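One-letter residues, chain by chain:
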There are 4 protein chains.
Amino acid sequence: MPRTPASQVHQLRVQLVARTEFLPPADVPWSTDAEGGQALAEFAGRACYQSWSKPRPSTATNAAFLRHVLQVGHLSVLEHGTATLYLRGVSRAVAHEVLRHRHFSTSELSPRHVPTDGAPVVVPAVVAQDPAAAELFLRAATAARAAHDELLTALEAGRSGGAASAGPELAAETLRHKQARQAALALLPGATETQLVVTGNYRAWRHFVAARATDLVDLEVRALAVACLRQLQSAAPHVFSDFEVGELVDGTEVASSPYVTEA
Amino acid sequence: MPRTPASQVHQLRVQLVARTEFLPPADVPWSTDAEGGQALAEFAGRACYQSWSKPRPSTATNAAFLRHVLQVGHLSVLEHGTATLYLRGVSRAVAHEVLRHRHFSTSELSPRHVPTDGAPVVVPAVVAQDPAAAELFLRAATAARAAHDELLTALEAGRSGGAASAGPELAAETLRHKQARQAALALLPGATETQLVVTGNYRAWRHFVAARATDLVDLEVRALAVACLRQLQSAAPHVFSDFEVGELVDGTEVASSPYVTEA
Amino acid sequence: MPRTPASQVHQLRVQLVARTEFLPPADVPWSTDAEGGQALAEFAGRACYQSWSKPRPSTATNAAFLRHVLQVGHLSVLEHGTATLYLRGVSRAVAHEVLRHRHFSTSELSPRHVPTDGAPVVVPAVVAQDPAAAELFLRAATAARAAHDELLTALEAGRSGGAASAGPELAAETLRHKQARQAALALLPGATETQLVVTGNYRAWRHFVAARATDLVDLEVRALAVACLRQLQSAAPHVFSDFEVGELVDGTEVASSPYVTEA
Amino acid sequence: MPRTPASQVHQLRVQLVARTEFLPPADVPWSTDAEGGQALAEFAGRACYQSWSKPRPSTATNAAFLRHVLQVGHLSVLEHGTATLYLRGVSRAVAHEVLRHRHFSTSELSPRHVPTDGAPVVVPAVVAQDPAAAELFLRAATAARAAHDELLTALEAGRSGGAASAGPELAAETLRHKQARQAALALLPGATETQLVVTGNYRAWRHFVAARATDLVDLEVRALAVACLRQLQSAAPHVFSDFEVGELVDGTEVASSPYVTEA
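Residues numbered from 1 in each chain as written. Chains lettered and ligands numbered in written order. Predicted model: local features only at pLDDT ≥ 70, side-chain atom pairs only at ≥ 80, totals over all residues. Heavy atoms only, no water.

Draft legend 1. View of the overall build of chain A. Of the regular secondary structure elements, chain A holds nine helices and eight strands. Buried positions account for 52% of the 263 residues belonging to chain A. Within the structure as shown, chain A displays about 10,800 Å² of accessible surface, and the carbon and sulfur contribution to it stands at 54%. Each charge class in chain A can be summarised by its mean position, and for the 23 positive and 26 negative side chains these summaries are 4 Å apart. (Helix = DSSP H or I, 4+ residues; strand = E, 2+ residues; numbered from the N terminus. Buried < 20%, exposed > 50% of the residue type's maximum accessible area, 1.4 Å probe, protein only. Areas by Shrake-Rupley, 256 points an atom, 1.4 Å probe, with all protein chains shown as cover. Lys, Arg positive; Asp, Glu negative; His and termini not counted. Charge placed at Lys NZ, Arg CZ, Asp CG, Glu CD.)

Draft legend 2. Structural view of the confidence of the model for chain A. Averaged over every residue, the pLDDT of chain A is 92; residues scoring 70 or more account for 94%. Complex prediction metrics read pTM 0.95 and ipTM 0.94. (pLDDT = per-residue confidence, 0-100.)

Draft legend 3. The interface of chain A and chain D, seen in detail. If you look at the interface, chain A gives 40 residues, while chain D gives 40 residues. The junction of chain A with chain D conceals about 3,200 Å² of combined surface from both sides, 52% of it contributed by carbon and sulfur atoms. Applying the counting criterion to the chain A and chain D interface returns six salt bridges. Breaking the side of chain A that touches chain D down by element, the ones donating at least two residues are β2 (13-22), α1 (36-47), β3 (82-91), β4 (105-108) and β6 (193-201) of chain A. Among the elements that make up the side of chain A that touches chain D, the one with the highest residue count is β2 of chain A (nine residues). In terms of residue class, the side of chain A that touches chain D is made up of 19 nonpolar, 14 polar and seven charged. (Contact = heavy atoms within 4.5 Å. Buried area = accessible area lost by both parts, 1.4 Å probe. Salt bridge = Lys/Arg side-chain N within 4 Å of Asp/Glu carboxyl O. Nonpolar A, V, L, I, M, F, W, Y, C, P; charged D, E, K, R; others polar.)

Draft legend 4. A look at the packing of helix α1 (residues 36-47) of chain D against helix α2 (residues 62-72) of chain D. Residue and element names in this part refer to chain D. Here α1 crosses α2 at 65°, and the two axes come no closer than 10 Å. Of the two elements, α1 crosses α2, and the hand of that crossing is left-handed. On the side of α1, the interface is formed by Q38, A39, A41, E42, G45 and R46, while α2 contributes N62, F65 and L66. Split by residue class, the contact of α1 with α2 holds four nonpolar, three polar and two charged. (Axes fitted to C-alpha atoms, helices over the stretch in contact; angles between N-to-C directions. Left-handed = near helix turned anticlockwise from the far one by under 90°.)

Draft legend 5. Inspection of the relation of the copies chain A and chain D at higher detail. Superposing chain A onto chain D takes a rotation of 180° plus a shift of 0.0 Å along the axis, which leaves an RMSD of 0.0 Å. This pairing of chains is accounted for by a two-fold axis. When each C-alpha of chain A is compared by its distance to the rotation axis, T20 of chain A comes out closest, at 2.4 Å. (Least-squares fit on C-alpha atoms with pLDDT ≥ 70 in both.)

Draft legend 6. Geometry of the sheet that holds strand β4 (residues 105-108) of chain B. Taken in spatial order, the eight strands make up an open sheet running β4(B)-β6(B)-β3(B)-β2(B)-β2(C)-β3(C)-β6(C)-β4(C), and their pairing is antiparallel. Only two strands of the sheet have a single partner each, and these edge strands are β4 of chain B together with β4 (105-108) of chain C. In this sheet, neighbouring strand axes are inclined to one another by 15° on average, regardless of whether the strands run parallel or antiparallel. Two elements, strand β3 (residues 82-91) of chain B and strand β6 (residues 193-201) of chain B, share eight bridges in a ladder whose sense is antiparallel. Looking at β6 of chain B, one finds that T84 of chain B is bridged to T199 of chain B. Sheet strands touched by helix α7 (residues 202-212) of chain B: β3 and β6 of chain B. Its angle to β6 of chain B, the strand with the most contacts, is close to 125°. (Pairing = 2+ DSSP bridges.)

Draft legend 7. Seen up close, the sheet that holds strand β2 (residues 13-22) of chain D. As summarised here, the arrangement of the eight strands in space is β4(A)-β6(A)-β3(A)-β2(A)-β2(D)-β3(D)-β6(D)-β4(D), forming an open sheet in which the pairing is antiparallel. Edge strands, defined here as strands with exactly one partner in the open sheet, are β4 of chain A together with β4 (105-108) of chain D. Averaged over all pairs of adjacent strands, the angle between strand axes in this sheet comes to 15°, irrespective of strand direction. As judged from the six bridges shared by β2 of chain D and strand β3 (residues 82-91) of chain D, these two strands associate in the antiparallel manner. Within β3 of chain D, the residue paired with A18 of chain D across the bridge is T84 of chain D.

Draft legend 8. Region of interest: the pairing of strand β2 (residues 13-22) of chain B. Examined bridge by bridge, β2 of chain B and strand β2 (residues 13-22) of chain C share five bridges and lie antiparallel to one another. Within β2 of chain C, the residue paired with E21 of chain B across the bridge is R19 of chain C.

Draft legend 9. Seen up close, the relation of the copies chain C and chain D. Superposing chain C onto chain D takes a rotation of 180° plus a shift of 0.0 Å along the axis, which leaves an RMSD of 0.0 Å. By residue overlap, the copies meet face to face through one surface: 100% of the interface positions of chain C are interface positions in chain D.

Draft legend 10. Seen up close, the UniProt feature "binding site: dUMP" (unreviewed entry) in chain A. Taken from the UniProt record, the annotation "binding site: dUMP" (unreviewed entry) applies to E97, V98, L99, R100, E108, L109, S110, P111, R112 and R212 of chain A. On the basis of their most widely separated C-alpha atoms, the annotated residues across 116 residues do not gather in one place, lying as much as 28.0 Å apart. Assignment of secondary structure puts L99 of chain A in helix α3 (residues 92-99). Judged by relative accessible area, which is 8%, L99 of chain A ranks as buried. Sequence-distant contacts of L99 of chain A, that is, excluding residues within four places in its chain, are made with T106 and E108 of chain A together with H96, L99 and R100 of chain B. Here R212 of chain A is to be found in helix α7 (residues 202-212). For R212 of chain A, a relative accessible area of 14% corresponds to the buried category. (UniProt positions renumbered as here; feature names shortened; annotations may be inferred.)

Draft legend 11. Representation of the packing of aromatic side chains. Residue and element names in this part refer to chain B. Summed over the entire model, instances satisfying the criterion amount to 40 aromatic pairs over all chains. With a centroid separation of 4.5 Å and 45° between ring planes, the pair formed by F104 and W205 is classed as tilted. You can see F104 sitting in the loop between α3 (92-99) and β4 and its partner W205 sitting in helix α7, a full 101 residues away along the chain. What makes F104 buried here is its relative accessible area of 5%. (Phe/Tyr/Trp six-rings, centres within 6.5 Å; stacked < 30°, edge-to-face > 60°.)

Draft legend 12. Looking closely at the nonpolar core. By size, the foremost hydrophobic cluster in this structure holds 54 residues, and its most contacted members are F43, L78, L87, W205, F208 and L224 of chain A. The element best represented in this core is helix α8 (residues 219-235) of chain A, accounting for seven residues. Each residue touching F43 of chain A, except ones within four places of it in the same chain, is listed here: F22, P25, V28, W30 and W52 of chain A together with V17, Y86 and V197 of chain D. (Core = buried A, V, L, I, M, F, W, Y, C linked by side-chain atoms within 4.5 Å.)

Draft legend 13. Representation of the side chain of R145 of chain B in the model. Residues and elements named next belong to chain B. By the element assignment, R145 lies in helix α5 (residues 131-159). The class for R145 is buried, based on a relative accessible area of 5%. A polar contact is formed between the side chain of R145 and the backbone oxygen of P115, at a distance of 2.9 Å. In this structure R145 touches T4, P5, V114, P115, T116, G118, A119 and L188, once residues within four positions along its chain are discounted. (Polar contact = N/O pair within 3.5 Å; in protein donor to acceptor, adjacent residues only side chain to side chain.)

Structure, rendered in structure tokens:
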């Protein structure tokens, strides 16, 4: 039997991999002091009233215009700009929560992708801070991976009849092999690392951050929401800078905005 | 330390827990030979053209009308009727796939709900058929649960300072306890049982069955899709009876319909 | 030329034509003091924590449980129950606003359905209250219908060559006839009556009422939202009774709820 | 009374105003021969299997990879790239059909925006081709606008009491003025021009084109779908070039793809 791959600890990484590029139509008598999805949101808002001139100083800049949008709740104009984040070092359990957000488009690492040379897991922060707990955690994760490998071997041994197969028998064996691999996956823990490519429009991202960066939320999910927020604030500050990151007494972070009051 | 709960094997159970009740408006000169969501779909279709009389024998019955809807692809009228299924004996890994269907509304058993007196798991069919593999599987699941319990104990021991706490300290301890419980969950396997209440309209359910009951799909997901189909066919036969269940060479089931040709 | 059909004034009518029927699973140790979608929402909420017993008096009744759901914002459990409303006496302009709500499923009277014996229109309330304005309104609507009929006649006269056609020519003529009818529709006013069958889950309906029954909203849309609310309060009081209908100084109605604070 | 603005004929114009910009993560061992949303779709597809190397010539180029995606129906990876089109010269009747596509995000010119110096309308193609019909059409549109203006004048005259108002009376008068303007809008025809900013991901745009560019669809809606397709093919050829534009016997255009077989 091959040696069981040791658990490899993967850290959360969140990267912006795509954003909106705005191509202002040449025949619209308007320009603004921002680019990308921020400019697009203003364009869409002004198109609704053909308010291309800017008589009101209170909305003459892109930042002021979008702040007004947040204040009056004209959130549909925030649906035009999008951001795609590449999330690595996310546990399957946390990915499960991301999938609940139906306005996101998500591509996820196939659960069938099990590296033969390593068993990447994500270690919860409270475990990582406690050496004894961390050791226990990694030992259990390695044991789960060993059980996965052992089960796979057993299923394949119990099924392949011995002699070489061909034609329909070969097809049937390929199928059994696939089924064996799928079945073995069920022994991997929720801590197993997955990766996600998540695209959301600004409104969907705001909803995600608002719902998932509060103190009521599981630490790992909340840490993900705050990490996403930081990327979004960098990509579209006028849309996300009303969110402020704060620290709880236990040193963990939360985020909230005065414009998010939804129950 | 308490005794580790033994793994308990839970079987897939799918039950219809809600359906659409149709209340025909008294002042519409039409009636049909069906009830519930099937009648509602016909009502919505006829309302589009105010075609309350039935001169065409080919669509004079509810079954014929809805067959015509499927043939011409006027699928939006199938969005009015809904069915809610209660799914038990579903692994978290399979639930993950259900969540991808954004047109469903899903309530799921909280992952924080860990019964102290048992560790329910779902055993993949190919494992259950092989006694040696099944024993290995259950042993690994029980070990994972033991590791979960041990980690929880370790995290709580390392954190509670000893003396009784009160006020803000009590709040902080409650928080730590919650975080410890969440962190420990990450060691539970994908085979851990979850339960789902899933509501979908007929169109969404048809899409789910069409996408998930094919031979390319993981056995457990496919078995779930076929089990849902059976409930749906019983609840709304005119909407789902074009799907036929067949058997593959390995004895597992698939379902398909001549009206589903979407890539 | 045929006589132009006179405008017929249609009033708003909103009827509940479908609702959720709950079928409690026999093997769940729980019952409640409500039926239908209200019971289903409680069932889904309790399933998340398997909290079938009711130790807390504050959530022991269905009304109290759902009030708690609204208070803590656990709104996803309100997605299981649905209500279908049949809306008549709605102008196309108002229907346009309903279509914006993407979580609704809507079947609409085809714009191609133009009754030959009448021209149903919806008269805005402020017009109906003012006899001179109302007369002007109906005269204009009748003129628009006459122009529609005249254009249709002109398009068909200009195109049919005279002699009887057959085969491909007949097909081409049928197509031209269809195109002529479609083109003529563009002259009908926004006041033209349409009908809608709208299905939404409770959460979607709450969102619609919250967004459309405020004083900032066009009178006709707002009146529709309030009329829908009344049907919904009758169908599922525990889900909608937090909304209260009030009257503005101009005698028109608005609705709001303390649990709706979304910007 | 002011002179009635003459009808102004607006032509359909469709412009790409935003697209996806891809920012390839530096630490992923992969590059491709395309940019923007096309590269992003490939990135998302490869991330699912971590298939960064390209051993298979059949999917070694971006075009080949995305063609394979269309062939096997792995359409969710097409949800990451988006395109925003600015649509002008669209009638309200046609905009109504666009709104039905719930996966789009749409900002529309407010119906309250009625230019005082002109009455823009969109003339259906079959009308424009026939001088007599066109004249009739424009005369009717101008009459509708005149009726709108007349009704607005009547409503405001009937309501303002004469003497100057202040405080709450002023507020009430502002409200009545707003209501008068809204009511008058109902007399404008479906041909009235509107403008839309529409954002959709590639999958949503493919669905729109597939559903709306067929010969069964109203000419104006179909012409819009074909015009959108042309912009999309220019913005993301590997995602849309399977659609081919053809001409019907009447000279109008349709579009279809061998990969679209959905009923």
